[in-house]
Amino acid sequence: MDDLSLEKIEIPGPTLASLIQRASSSPGDVDGLIFGQIHRIVSTTLSDDSPAQSSPSIPSSSSSSDQIVATVTSFTSSGKTFSFYDPLGRVDSLRIDSLRVDSPDRLLGWFSARRKTASRPSMRELSVSSSLSSRFQLPIENSESPNSTASSSSSVFVLLTTPLNDQLIHTHEYRAYQFRAASRRLEPRSIGIVNIGPAFRGHYGSFNPKSRFPPLLCEMSSSAMMNEDRDEGSLSAKKEAAKDQKEVDALAEGFRVGDLKRLVGAEAASYTGAIEEMYERMLAKVESLASEVEKSSARVLELENHNRKIRYRVARIER
Amino acid sequence: MAFEAFPPLIAAQLHYLLNHSPDSIKIENVRSGNRFNPRILDRFTLVIPYCLDTIKWDVIYNSEYPAAPPDFIFGPDDEDFMPCSSSTVDSLLDKALSEWNNQDSTLLLVLIQGLRDQYVAYQRKRVGQVDDDRVKFEISTVITRKGIEMQMTSGADKPEEVKFAVPLVMDMSINKLLVGCPWKNEQKIYLQVVYPILRKYESAPSSPRLKLVSSSDLKALFSVEDVKLPPWMDGMCLAEYLPHLEETLERQILEAVSAIALRRSFVEALTLFLGRPLEADPTFCRKASFLAASGPFPFVVHFFFPTQFPKQQPALMLQSCQHLNQLSEPVKLNLLTDYPWSPRWEVGRMAERLCDFLTDEAVNFKKYCNEALLQH
């Protein structure tokens, strides 16, 4: 199980759009890491008119139609090339850790975006993929038995290019590859763009949403029955819950979910004022945050332009 | 080629590559990957001679980070060519990449040379894996020849073929045989051998296709098209074929070099009749122009000497000094090759007979010029 072949590589439309946007808005070539999940998808052929097919359903026959599919969920980019590898394509794990920040998903591979070049992997791209797959393993999540995770020492590579000649209609090209350790090659894989619809039922069935937002334990403390149940839970689970509650409280600025009860009934009239006040405080916070982001973005842009000027001066480029 | 649009340090590397490479590399398809300054070029395609054919490699710099080393994209048929990820990483190539210094303009050449060497080894390995007894045998006999290049061509619409480019007469430096040799690169002659790969149901191997190829500059001295290749017998192999061919070639090259002296002495003999030449090719003596006159009518005679001189007579062209045609160009006569000539004459006699012919021809030429003038 150490070298599994991916059936295809799926990417949600918005993620692909944002990847293309990142590539086309950057001044030069860029690269970055891509994150996501790998699933074993059991392809079920649901149809109205062939009930005979579903009757002899033995597990072995259904698992034969398993597909291993990688789903890209997010990416990070440093806005330049050589962000986590050296000119020979050797990957630097420390720089990967600093780039991946705190993406909830696992590292799948990387992408490279370069303008006006052939849409084939380059010499360095192959080396980077090879080095990446030897350091990191692709985690494969099994929907049937979530605890047994297999892994595969390969990596996903997404290549974004623009055509050599300016074209009016076809402006961007994207391809996906899987690096296979056995053949030491980047093998092309088809890209599936995830959308809503019956065709993606299998995908949604096996997808594990991951979020940094802690699970909301909605008003469990009032119920005595639930309290008893929770006492049976382990200490660590309680600690976990307390930690989550703290995070939620920090987001709500001390406003407790339980207080929502007061919105109905006699108290409501006096209480709406307090809620409005809370929203106003939140809005003000968001506004000040937005202006701060705007200012810092402007500053980043200024610094980037300054850096570019310096780089150009070093390279003796006159503009 | 203008490189002004490249960042200066990249332009310097390109200049060095194109001027110092032993193979005549060409550059095409220059383009820019820069969003804000699309006039700053930073990517291009190199057309590199290989095995008497060319390979195209894309070189990608990043104009936003001009100090970073370039990346390469190889041809679509060469996806198995992985010079950097293989265990046999060339240490020189490795060093040039990992210790890249954009101030050093020689490094791009080092990279291309290193990659090309790896490419030679890669193609040799591919050819070695071909399941064909004859090709396997031929490789074993010629593998020790220095500078031999091999190529495997295959494709959906092409028959599978193995190509060899065998350098010939390597011991003989043609450049050194010439006085005042104008060539920068050593001139080489190759024998191209193409073996069609047998399909399983075919029994008898057909004889390979043979062709002599030389570097283009060599044409001034010696044309390989004039060489008659010895026939390829059934069951022959390259190791048997090459020595005989090389012997013939060596003799013909030496003859071609001595032919220069013959042409020179002929031009010198002409000066007795026509005076000093206006212009003459000093190295190969393939061209000479003299000013002549027929009474008050001055004209220029251009001599074009074939490499087979004196077996073949020179071609003459007469050009008037007084008459212009409608395009304001001097009136010229078509090439004259039909006049009395014998390769067995002494040089002095050749010159004398030719000048006799010129004296007669000048009268006709003058008439022709005057008529041309009257026509418009």
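Residues numbered from 1 in each chain as written. Chains lettered and ligands numbered in written order. Predicted model: local features only at pLDDT ≥ 70, side-chain atom pairs only at ≥ 80, totals over all residues. Heavy atoms only, no water.

## Observations concerning the pattern of salt bridges
Line of reasoning, step 1. Enumeration over the complete set of coordinates arrives at 24 salt bridges over all chains.
Line of reasoning, step 2. Notably, a salt bridge pairs Glu28(B) with Lys56(B), separated by 2.9 Å at the nearest N-O pair. Of the two residues, Glu28(B) sits in strand E1 (residues 26–31) while Lys56(B) sits in strand E3 (residues 53–60), which places them 28 residues apart along the sequence.
Line of reasoning, step 3. For Lys56(B), a relative accessible area of 44% gives the class partly exposed.
Line of reasoning, step 4. Glu246(B) is the partner of Arg145(B) in a salt bridge, and the nearest nitrogen-oxygen pair spans 3.0 Å. Taken together, the positions of Arg145(B) in the loop between helix H4 (133–142) and strand E5 (149–153) and Glu246(B) in helix H6 (residues 238–274) put the pair 101 residues apart, joining distant regions of the chain.
Line of reasoning, step 5. Among the residues examined, Arg145(B) registers a relative accessible area of 23% and is labelled partly exposed.
Line of reasoning, step 6. On the basis of relative accessibility, which here comes to 16%, the residue Glu246(B) falls in the buried class.
Line of reasoning, step 7. Each of Asp29(A), Asp42(B) and Arg43(B) takes part in a single network of salt bridges with overlapping partners. (Salt bridge = Lys/Arg side-chain N within 4 Å of Asp/Glu carboxyl O. Helix = DSSP H or I, 4+ residues; strand = E, 2+ residues; numbered from the N terminus. Buried < 20%, exposed > 50% of the residue type's maximum accessible area, 1.4 Å probe, protein only.)

## A word on the sheet that holds strand E7 (residues 189–196) of chain B
Residues and elements named next belong to chain B.
Line of reasoning, step 1. Strand order in this open sheet of four strands is E5-E6-E7-E8, and the pairing throughout is antiparallel. Looking at which strands have only one partner, the edges of the open sheet turn out to be E5 and strand E8 (209–214). Direction aside, the axes of adjacent strands within the sheet are offset by 20° on average.
Line of reasoning, step 2. Helix-sheet contacts for helix H3 (residues 107–128) involve E5 and strand E6 (161–168), and the interaxial angle to E5 is about 60°. (Pairing = 2+ DSSP bridges. Axes fitted to C-alpha atoms, helices over the stretch in contact; angles between N-to-C directions. Contact = heavy atoms within 4.5 Å.)

## Digging into the side chain of Ser127(A)
Line of reasoning, step 1. On the secondary structure map, Ser127(A) appears in helix H4 (residues 123–135).
Line of reasoning, step 2. At 3.0 Å, the side chain of Ser127(A) forms a polar contact with the backbone oxygen of Met123(A). (Polar contact = N/O pair within 3.5 Å; in protein donor to acceptor, adjacent residues only side chain to side chain.)

## Focus on the confidence of the model for chain A
Residue and element names in this part refer to chain A.
Line of reasoning, step 1. Averaged over every residue, the pLDDT of chain A is 77; residues scoring 70 or more account for 70%.
Line of reasoning, step 2. Across chain A, element-level confidence peaks in strand E7 (residues 155–161) with a mean pLDDT of 92 and bottoms out in helix H2 (residues 59–63) with 38.
Line of reasoning, step 3. Every residue in residues 50–64 is under pLDDT 50, and counting partners more than four places away or in other chains gives three contacts.
Line of reasoning, step 4. With pLDDT under 50 throughout, residues 219–230 is counted as low confidence; its partners more than four residues away or in other chains account for eight contacts. (pLDDT = per-residue confidence, 0-100.)

## Quick notes on the nonpolar core
Residues and elements named next belong to chain B.
Line of reasoning, step 1. Ranked by internal contacts, the top residues of the largest apolar core, which has 40 residues, are Phe164, Ile189, Leu221, Phe222 and Leu238.
Line of reasoning, step 2. Looking at this core, the element that brings in the most residues is H6, giving nine residues.
Line of reasoning, step 3. Among all residues touching Leu221, those that are not within four sequence positions of it are Ile174, Leu178, Trp183, Ala256, Val257, Ile260, Phe284, Arg286 and Thr307.
Line of reasoning, step 4. Counting residues in each nonpolar core, the second largest holds 37 residues, with Leu46, Ile48, Phe81 and Ala165 among its members. (Core = buried A, V, L, I, M, F, W, Y, C linked by side-chain atoms within 4.5 Å.)

## Digging into the interface of chain B and chain A
Line of reasoning, step 1. Each partner contributes residues to the interface: chain B has 41 residues there, and chain A has 37 residues.
Line of reasoning, step 2. Counting the surface lost from both chain B and chain A, the interface buries some 3,500 Å², and carbon and sulfur atoms represent 56% of this.
Line of reasoning, step 3. For the interface between chain B and chain A, the tally reads five salt bridges.
Line of reasoning, step 4. The salt bridge partner of Glu64(B) is Arg308(A), with a shortest N-O separation of 2.6 Å.
Line of reasoning, step 5. Classifying every residue of the side of chain B that touches chain A by side-chain character gives 21 nonpolar, 11 polar and nine charged. (Buried area = accessible area lost by both parts, 1.4 Å probe. Nonpolar A, V, L, I, M, F, W, Y, C, P; charged D, E, K, R; others polar.)

## Considerations on unusual backbone geometry
Note: most residues except glycine have negative phi, and most peptide bonds are trans.
Line of reasoning, step 1. Although it is not a glycine, Phe82(A) adopts a positive phi angle of roughly 55°.
Line of reasoning, step 2. In this structure Phe82(A) comes out as buried when scored by relative accessible area, which is 13%.
Line of reasoning, step 3. At Asn29(B), a position not held by glycine, the phi torsion is positive, near 55°.
Line of reasoning, step 4. Mapping Asn29(B) onto the fold places it in strand E1.
Line of reasoning, step 5. The exposure class assigned to Asn29(B) is partly exposed, which follows from its relative accessible area of 39%.

## Some thoughts on the packing of helix H2 (residues 91–98) of chain B against H3(B)
Residues and elements named next belong to chain B.
Line of reasoning, step 1. Running from N to C, H2 and H3 point in directions that differ by 145°, and their axes come no closer than 9 Å. The handedness of the crossing between H2 and H3 is left-handed. Where H2 approaches H3, its residues Leu92, Leu93, Ala96 and Leu97 are matched on the opposing element by Leu107, Val110, Leu111, Gly114, Leu115 and Gln118.
Line of reasoning, step 2. Per-class residue counts for the contact of H2 with H3 are eight nonpolar, two polar and no charged. (Left-handed = near helix turned anticlockwise from the far one by under 90°.)

## Notes on H2(B)
Line of reasoning, step 1. By the burial criterion, the buried members of H2(B) are Leu93(B), Ala96(B) and Leu97(B). End-on view of H2(B): buried residues confined to an arc of 95°, all on one side of the axis.
Line of reasoning, step 2. Tucked inside the fold, the buried residues of H2(B) contact H4 of chain A together with H3 of chain B. (Arc of directions from axis to C-beta.)

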